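Listed below are the residues making up each chain.
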Amino acid sequence: MAPKNPSFMAGVPELVILRLLSTREMYGYEIARAVRLATTDTLVLGEGVLYPALHAMEARGLVRTRSSRAEGRIRIYYSLTAKGKARLARLMLEWRRMSQSVESVLGGETLG
Amino acid sequence: MADRPFADLKEALLQGGIAPGHVRRAVTELEDHWNALVADELRRGSNEEHARAEARRILGSDALLIDRYLARTELRAWAYRRPALWFTLMPLVSYVAVSLATMTSMILAVQLMLDYLKKMLIPDGISHLISGSVHLIFLWVYPSLIAAGFAVLANRRRIARPWPIIGIVVLSVIASLINVDFVLTGGPKPGSAGAGIGFSTRNLLQPMTRTVTIALVAFALTRLRTRRFTASSIFD
């Protein structure tokens, strides 16, 4: 079976998470569900591996957390910091530049 | 598995050096996520057992999660990244800091009561008791508690055994070379305070005895505390 997330997708999970958090604060399950819905399961993050990514993003100052009690359990909500917003803008620019380049190759524009 | 589905993951992450704060939060979040997925599956008509298994499959195996966490070096505890620094140097720094803070507080307290102390004479028995207590606290209680405290911390962080043992020995040796004097007599010259470090080659037995005693007390305290936290202590 071909891998669903080939190597050139490295860095995409971070971009997707930052983009989703730019709309509103979310907790892990919400992020995973939003990724599933938005990508119709094309992008498989592996739901548990969201958390090391989120924790690392917090350690780098890209997101901040807030804990709240919900349904008798502690729930951790994530939201973007100013640094996270700047990182998102940069990643989006890079992604668009790269996807346009790939698209132009696939569309045959540079092949003469 | 149903009650604590991430117990093994928690232990593996701690042993891998992930900071306990991140581990606690990871387990909290994964349990919350797992419960939500189980509820989703039950709503779709799955039975309880299938719902739990499916939820776990969606989250990923322990091996996958451990691999992803350990790949994030920024999530490692400082104590795990620099164990030599944390468990040999930090106990010494803590001992010096606590001792300096206590000595400064005692001198300030005497300064505040100076006028009162000049007008009274403290009986010899009380004066000796105060000096003895200061000796006991600075030369025995502080080093034993601090060395044991760091060793307990090492156990909680699942740090390799040699570092906390080296930490206890180093602090015991240094503490055995410290001398503290605190004399409170009252009267026109109400007292004196002083501290120093050194040893005499003519009397090595005394610091050696102190080293061994402090180390043994610290090990005993560590064992006492670690039994309450984990089934298999690093000192067992």
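Read on for a plain summary of the structure. On a predicted model such as this, the values are computed, not experimentally measured, just so you know.

Observations regarding the overall build of chain B
Secondary structure summary: chain B contains 10 helices and two strands in total. Counting helices and strands in the order they occur from the N terminus, chain B gives α-α-α-α-α-α-α-α-α-β-β-α. Per-residue burial for chain B yields a buried fraction of 28% across its 236 residues.

Some words on the interface of chain A and chain B
Between chain A and chain B, the residue contacts involve 16 residues of the former and 19 residues of the latter. Every element with two or more residues in the side of chain A that touches chain B is listed here: helix 2 (28–39), helix 3 (50–59) and strand 3 (73–80) of chain A. For the side of chain A that touches chain B, the leading source of residues is helix 3 of chain A, giving five residues. For the side of chain A that touches chain B, the class distribution of residues is eight nonpolar, four polar and four charged.

Section: the packing of helix 2 (residues 20–43) of chain B against helix 3 (residues 48–59) of chain B
When two helices pack together, their arrangement is given by the angle between the helix axes and by the axis-to-axis distance. All names here are of chain B. The contact between helix 2 and helix 3 brings their axes to 8 Å, and the two run at 130 degrees. The pairing of helix 2 with helix 3 is recorded here as oblique in orientation. For the pair helix 2 and helix 3, the crossing hand works out as right-handed. Residues L30, H33, W34, L37, V38, E41 and L42 of helix 2 form the contact with helix 3, whose participating residues are H50, A51, R52, E54, A55, R56, I58 and L59. Looking at the contact of helix 2 with helix 3 residue by residue, the class counts come to nine nonpolar, two polar and four charged.

Let's talk about helix 2 of chain B
The end-to-end C-alpha distance of helix 2 of chain B is 35 Å, a good match for the 34 Å that 24 residues give at a rise of 1.5 Å each. Those residues of helix 2 of chain B not exposed but buried are H22, V23, A26, E29, L30, H33, W34, A36, L37 and V38 of chain B. For helix 2 of chain B, the elements touching its buried residues are helix 2, helix 3 and strand 3 of chain A together with helix 1 (7–15) and helix 3 of chain B.

Notes on the nonpolar core
Residue and element names in this part refer to chain B. One finds I18, A147, A151 and A218 to be the most contacted residues of the largest nonpolar core, which totals 60 residues. A per-element tally of this core places helix 8 (residues 124–156) first, with 10 residues. Here this core gathers at least three residues from each of two domains, domain 1 (7–75) and domain 2 (82–229). Setting aside residues up to four positions removed in sequence, I18 forms contacts with L13, V23, Y69, L75, R76 and A77.

Calculation notes
Starting afresh in each chain, residues are numbered from 1 along the sequence in its written order. Chain letters start at A and ligand numbers start at 1, both assigned in the order the entries are written. At least 70 in pLDDT is required for a residue's local features to be given in this predicted model, at least 80 for side-chain atom pairs to be given and counted, and no such filter applies to totals for whole chains, interfaces and linings, which use all residues. Strands are runs of DSSP state E lasting at least two residues, helices are runs of H or I lasting at least four, and both sets are numbered from the N terminus onward. With C-beta atoms placed from the backbone, the exposure class of a residue follows from how many other C-beta atoms lie within 10 Å of its own: 20 or more, buried; 12 or fewer, exposed; in between, partly exposed. We call two residues in contact if the C-beta atoms placed from their backbones are at most 7 Å apart. Side-chain classes are defined by residue name, with Ala, Val, Leu, Ile, Met, Phe, Trp, Tyr, Cys and Pro counting as nonpolar, Asp, Glu, Lys and Arg as charged, and the others, Gly among them, as polar. To get an axis, fit a line to the C-alpha atoms, keeping to the stretch in contact for a helix; angles then go from 0 to 180 degrees between the N-to-C directions. Throughout, the term roughly parallel applies to angles under 35 degrees, roughly antiparallel to angles over 145, roughly perpendicular to angles from 65 to 115, and oblique to all others. Crossings are assigned a handedness: left-handed for a near helix turned anticlockwise from the far helix by less than a right angle, right-handed for a clockwise turn. Expected span of a helix: the number of residues minus one, times 1.5 Å. By definition, a nonpolar core groups buried Ala, Val, Leu, Ile, Met, Phe, Trp, Tyr and Cys residues that connect through C-beta atoms lying within 7 Å of each other. Note that the domain bounds reflect an automated or database-derived domain assignment.

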